[in-house]
Amino acid sequence: MPSDPSQTESLDRKTFSILIREHQPTLMVYARALVSDESTAADLVQESFVAAWKNLSKFDVSRDFSTWMRGILRNKWRDHCRKVGRRKECSDEALDYFEEQLSEWEEERQHEGSPVFARLEFCLKKLPESLAKAISAFYYQELDGADAATHLDINPATLRKRLQRARSGLKQCLES
């Protein structure tokens, strides 16, 4: 352990940065389920990471980090609903169910050779190249619609249609 406090803080920042990159996609999925607006979802995730950073010393390392982050995100969403005077879109029971499903999903994702993810990779390889590139840009590279379209040198409407076709193809493949 470094004796210099700035080195310790730097290590903490580095570790936290890794955790952000690892958990941001799942938290965005969770936030999108809570609010229908993409920018609000992104803001809620960002606010959650800021709150987590400020309260990192309170995190119990024996607990799951993603569960802790989803709890923070859920609280940020509730604050958001109070601020805008809007009724919550999801019941607590629905949120609990969603939390359970996400926990199972993350557990499955962490196991190497997971049959779900192996099947998804198989199905991705079966997609036409143009559809696979759209999936890669939007989901794996996490580009927003406009940036993904620019990256692929296509019209945003074309990107949306390719993503729709790709999701449909993946769904059919995964169900067969």
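One can find the structure itself at the top, above this paragraph.
Cut-offs applied
- Residues numbered from 1 in each chain as written.
- Predicted model: local features only at pLDDT ≥ 70, side-chain atom pairs only at ≥ 80, totals over all residues.
- Heavy atoms only, no water.
- Helix = DSSP H or I, 4+ residues; strand = E, 2+ residues; numbered from the N terminus.
- Buried < 20%, exposed > 50% of the residue type's maximum accessible area, 1.4 Å probe, protein only.
- Contact = heavy atoms within 4.5 Å.
- Areas by Shrake-Rupley, 256 points an atom, 1.4 Å probe, with all protein chains shown as cover.
- Disulfide = S-S within 2.5 Å.
- Core = buried A, V, L, I, M, F, W, Y, C linked by side-chain atoms within 4.5 Å.

(A) Up close: the overall build of the protein. A tally of regular secondary structure across the protein gives 8 helices and 0 strands. Buried residues in the protein amount to 28% of all 176 residues. Taking as baseline every contact in the protein between residues at least 6 positions apart, the subset at least 24 positions apart corresponds to 56%. Element-wise, carbon and sulfur atoms account for 52% of the exposed surface of the protein, whose accessible area totals about 11600 Å².

(B) Up close: the environment of L174. For L174, the location among the structural elements is in helix α8 (residues 156-175). Here L174 falls in the partly exposed class, since its relative accessible area comes to 39%. A sequence separation of 55 residues divides L174 from R119, and the C-alpha atoms of the two residues are 6.8 Å apart. Discounting residues that sit within four places of it in the chain, L174 has contacts with R119, L120 and C123.

(C) Representation of the state of the cysteines in the model. One pass over the full model with this rule turns up 1 disulfide. A sulfur-sulfur separation of 2.0 Å characterises the disulfide bridge that pairs C123 with C173. Disulfide C123-C173: torsion about the S-S bond near -80 degrees, hence left-handed. Linking C123 in helix α5 (residues 115-126) with C173 in helix α8, this pair joins segments that are 50 residues apart in sequence. The exposure classification of C123 matches that of C173, with both residues buried.

(D) Focus on the nonpolar core. Counting 22 residues, the largest nonpolar core has V45, W68, M69 and L73 as its most contacted members. Listing elements by their share of this core, those giving two or more residues are α1 (5-34), α2 (38-54) and α3 (65-83). It is α3 that provides the largest number of residues to this core, a total of 7 residues. Leave out the neighbours within four places in its chain, and L73 touches L27, Y30, A31, L44, V45 and S48. Membership of the second largest hydrophobic core comes to 16 residues, among which are C123, L127, I154 and C173.

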